[in-house]
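Residue-level listing of the chains:
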Amino acid sequence: MAVPTDVETWVGRPLGRFEDDALLRGEGRFIDDLDPVPNACHAAILRSPFAHARIVGIDAARALELPGVVGVLTGADVEAMSRPFPVGVEDAPASYSAAADVTRYYGEPVAVVVARSRYIAEDALELIDVEYEPLDAVYDPTAAAGTEALLSDRAFRYGDPDAAFAEAAVVVEDRFRFPRWSGQPLECYGVVADWNRGTGSLTAWANFQGPFTLHSVAAGALGLPGSKLRLITPPDSGGSFGIKAAVYAYVVLIGLASKKLGVPVRWTEDRLEHLAAAGSSTARDTGLKAGFSADGELLALAYDVIEDVGAYLRAPEPATLYRMHGSLSGAYRVRNVSARNRVVVTNRPPTTLNRGFGGPQMYFALERTMEIAAGRLGLDPTELRRRNLVRPADFPYRTPSGGLYDSGDYEACLDDVLALSRYEERRAEQAAAREEGRLVGIGVACVVEPSISNMGYITLAQTSDERTAQLPKSGNAEGATVAINPLGGITVRISTTPQGQGHRTAAAQVAADALGVDPAEIDVLADVDTSTSAWTVASGNYSSRFSGVGAGAVHKAATKVAAKLRAIAAAQLDCSADEVELRDGKAWSNGGSVSLRRLAGAAHWNPDSLPRGVEAGLHETAFDSAPNLEPPDADDRVASSAAHGFLADVAVVEVDRDTGHVRVLEYATVHDAGRLLNPLLVEGQIRGGFAHGAGVALFERVVHDAEGNLLTGTFMDYLCPTAPDLPPLRSAHRETPSPFTTLGSKGLGEGTTMSTPAAIANAVADALGMQAVEVPLTPGRVWELLQP
């Protein structure tokens, strides 16, 4: 029997998600479905009603008298029992999981009640008497930058921006504000904590998403070595989009409650708590100056950024500000770039990860600037971009600030999206509409989407001398385990903590190709246990890293198992291991075959039969590490990500003159994210990213009033788009494999979140004939712009 050489791979097929069957049947296992320890008590959290206030006194006596109450943990207890959260910037204010003396944001935890039921715990909160002395609060980041609220002020310079601006024929300069907004997953935070007094250790179950650097942060706050904090994630998580990275603060808080009271404690956050205090993206005020030659060549960029991180600088911040550092030049060949980065604290909740993580903020300023410059230069916005895009022959392309772009054809993507959106036809339709008095606009955005973050980029918040005095930080690695049991059952275990992306499906496809089986025959375990899983400090679900290193780790582990299977089969088929092909659940060579189940049986039940040098069992762990992610150099250059996709977008909008309502008539996007593991999952990620981008473009922002009171504390006020609210989306793809990742894949879950706010804002500005537009472009805000 001949062995075919043209075997089709499972990777690249639009396989339906294996996760969906259980979820659609209501059989998912989320944090609130877990009951890992018997007789767990329930926690409720008392939160500050003030944005800034001194705690004069707290009296929990009446709460402790309520039947069913086990005890109360106060901020003073927290301060006595734990350490401040470690941060990467000196002189940042100390931050604990609850306030002891001063509350610094509305919703900050002040006390925790633990009771036999959640109902009793909630009732007991009302019996705690707290005396507050309100204090003046800081809300304006620009004003904060001139006070002690300024925590970090760093300047960067690459090339010679001053000389380039002096030579520029056209200089465009403006300031752009980007609001706080949040991912709002269906499932809020959840923690179950069990302190073991005998071992002095904490086991915590939480819907944490990573990065697992924050495991070390939580352990440090608890005063524990890492081995004494066992963190376990549930098999399923109801979304995150970044925000569940911040659940680590509640792992500490609920863990301390369990430690003080000697009982296991569980806490599930409700939606009001989540809206008030879970966290959000940073608010950013960006001044951007761009210099161009007369023919449109981008000569220089100068950023002046003020980043509002809320009341405390909490890990991983100020990562939002530095995640895009290697991509400050965007998709363009400009060689002269400067940046001033200022980080300030205000009396708002601490910020955390949110989809796009710094990309939406940066590209809003850069792509709005390119649109404004096109008007000044008398060029079509697409033509200005075309003249400056990184060219195919330039790859791998080193940016001025140190980024290393791996591959792509940016101009071809731009051409594709112009065709997809019928750009020239749309321009003609726009002209006709304007003749009729209608406000129709077209906007463009070109975005480089970084993925697989360098764990060292955050240290750019420190000077080169400060970094030299510490252990260098770099890279991004992920682990995976593949095992075949004695009956031939295949299990893959991953540590990428999926939050709904379909990692289990893609991992099964990758392993299936290596092992020669159907993906449906592979069980993928996505829950992580820091005591037993293969993980690194970089593990987790962020920076769109799964396809680059998560799938790569699965491939490497499965390849190691496959090599062992070939070695065992070679002895049985009388051939060399190189002549063995794994296909259809069997090992084939010389016209014969042997089943994987039989090979597994030999490895487990009959190890004496194994060839010399082959160990018993079929269980392999492998780690995949992205290359080129060195620590920042002495000149503050850093490859802040390992892989870089590209996307070009076109938005077409019409603005209602009477109401200010923005209707998106069409939105087209073309992506190049390298090799696509599963096109169906890809489409879901692009549409999900688009939903978040459209949300902040048209609907979403977190708002506090002048006294710090939250004005967007319910979904009546914080407007998330629903499916009928979303504009139509057309998408297409190119596939330029990355030479830097194991499978040639790049991340793509965040690109449209980065591009959509800029593209829609550009379209609205084009429709209105004015440049002073700010997201979200709600009807009220646009209507005000229309007034004479």
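Described in the following lines is the structure provided in the data block. (Residues numbered from 1 in each chain as written. Predicted model: local features only at pLDDT ≥ 70, side-chain atom pairs only at ≥ 80, totals over all residues. Heavy atoms only, no water.)

A closer look at the sheet that holds strand E15 (residues 336–344)
- Taken in spatial order, the five strands line up as E7-E15-E14-E13-E8 in an open sheet, and their pairing is mixed. Each end of this open sheet is capped by a strand with a single partner; those strands are strand E7 (150–158) and strand E8 (170–178). Averaged over all adjacent pairs, the angle separating strand axes in this sheet is 10°, with direction ignored.
- Of the strand pairs in this sheet, strand E14 (residues 298–308) and E15 are connected by nine bridges, and their pairing is parallel. If you follow Ala 300 over to E15, its bridge partner there is Asn 336. (Pairing = 2+ DSSP bridges. Helix = DSSP H or I, 4+ residues; strand = E, 2+ residues; numbered from the N terminus. Axes fitted to C-alpha atoms, helices over the stretch in contact; angles between N-to-C directions.)

A few points about helix H11 (residues 359–377)
- The first and last C-alpha atoms of H11 sit 26 Å apart over 19 residues, in line with the 27 Å expected at 1.5 Å per residue.
- For H11, the tally of buried residues reaches 17 of 19 residues, placing the bulk of the element in the interior. (Expected span 1.5 Å × (residues − 1). Buried < 20%, exposed > 50% of the residue type's maximum accessible area, 1.4 Å probe, protein only.)

Brief notes about the side chain of Thr 530
- Looking at where Thr 530 falls in the secondary structure, it is placed in the loop between strand E21 (522–525) and helix H17 (546–573).
- Taking relative accessible area as the criterion, Thr 530 reaches 13% and is therefore assigned buried.
- A distance of 2.9 Å separates the side chain of Thr 530 from the backbone nitrogen of Leu 231, its partner in a polar contact. (Polar contact = N/O pair within 3.5 Å; in protein donor to acceptor, adjacent residues only side chain to side chain.)

Details of the layout of surface pockets
- By volume, the second largest pocket amounts to about 690 Å³.
- Forming the boundary of the second largest pocket are 31 residues, of which Thr 213, Pro 316, Met 455, Ile 458 and Lys 473 lie nearest the centre.
- Tallying contributions element by element places helix H7 (residues 213–222) first for the lining of the second largest pocket, with four residues.
- Looking at the lining of the second largest pocket residue by residue, the classes come out as 17 nonpolar, 12 polar and two charged. (1 Å grid on protein atoms, 1.4 Å probe; cavity = no way out; pocket = protein on both sides within 12 Å on 5 of 7 lines; lining within 4 Å. Points joined across faces, edges and corners; volume = space filled by probe spheres on them. Nonpolar A, V, L, I, M, F, W, Y, C, P; charged D, E, K, R; others polar.)

Concerning the pairing of E15
- Most of E15 is tucked away, with eight of its nine residues classed as buried.
- Bridge count between E7 and E15: eight bridges; the pairing is antiparallel. Bridging across to E15, Ser 152 finds its partner in Val 343.

Describing unusual backbone geometry
- At the junction of Phe 395 and Pro 396, the peptide bond is cis and its omega measures out at -10° in the coordinates.
- As for its position among the elements, Pro 396 is in the loop between helix H12 (381–388) and strand E16 (397–398).
- Cis geometry marks the peptide bond from Val 775 to Pro 776, where omega comes out at 0°.
- Mapped onto the elements of the fold, Pro 776 is located in the loop between helix H20 (751–768) and helix H21 (779–786).
- Positive phi, close to 55°, is recorded for Arg 422, a residue that is not glycine.
- Structurally, Arg 422 can be placed in the loop between helix H13 (410–420) and helix H14 (423–435).
- One non-glycine residue, Asp 584, lies in positive phi territory at about 55°.
- Counting through the fold element by element, Asp 584 comes out in the loop between strand E22 (581–583) and strand E23 (586–589).

Describing empty space enclosed by the protein
- One pass over the structure, following the stated rule, counts seven cavities of 30 Å³ or more.
- Roughly 130 Å³ of internal volume is contained in the largest cavity.
- Residue lining of the largest cavity: 13 residues in total, with Ala 246, Ala 249, Ala 278, Arg 314 and Pro 350 positioned closest to the centre.
- The biggest single contributor to the lining of the largest cavity is helix H8 (residues 248–261), with three residues.
- Its residues assigned to classes, the lining of the largest cavity shows nine nonpolar, three polar and one charged.
- Considered as a void within the structure, the second largest cavity measures approximately 100 Å³ in volume.
- Taken together, 14 residues line the second largest cavity, and the ones lying closest to its centre are Arg 284, Val 305, Leu 321, Leu 328 and Met 362.
- Elements represented by at least two residues in the lining of the second largest cavity include exactly strand E13 (283–292), E14, helix H10 (319–322) and H11.
- Examining the composition of the lining of the second largest cavity, we find that three residues originate from one element, H11, more than from any other.

Here's the deal with the sheet that holds strand E20 (residues 490–494)
- In space, the four strands of this open sheet follow the order E21-E20-E19-E25, with mixed pairing throughout. Sheet topology places E21 and strand E25 (619–625) at the edges, where each strand pairs with a single neighbour. Taking each pair of neighbouring strands and ignoring which way they run, the sheet shows an average axis angle of 20°.
- Pairing analysis gives seven bridges linking strand E19 (residues 477–484) to E25, with the strands arranged antiparallel. If you follow Ala 480 over to E25, its bridge partner there is Ala 622.
- Across the face of the sheet, H17 comes into contact with E19, E20 and E25 while running at roughly 145° to E25. (Contact = heavy atoms within 4.5 Å.)

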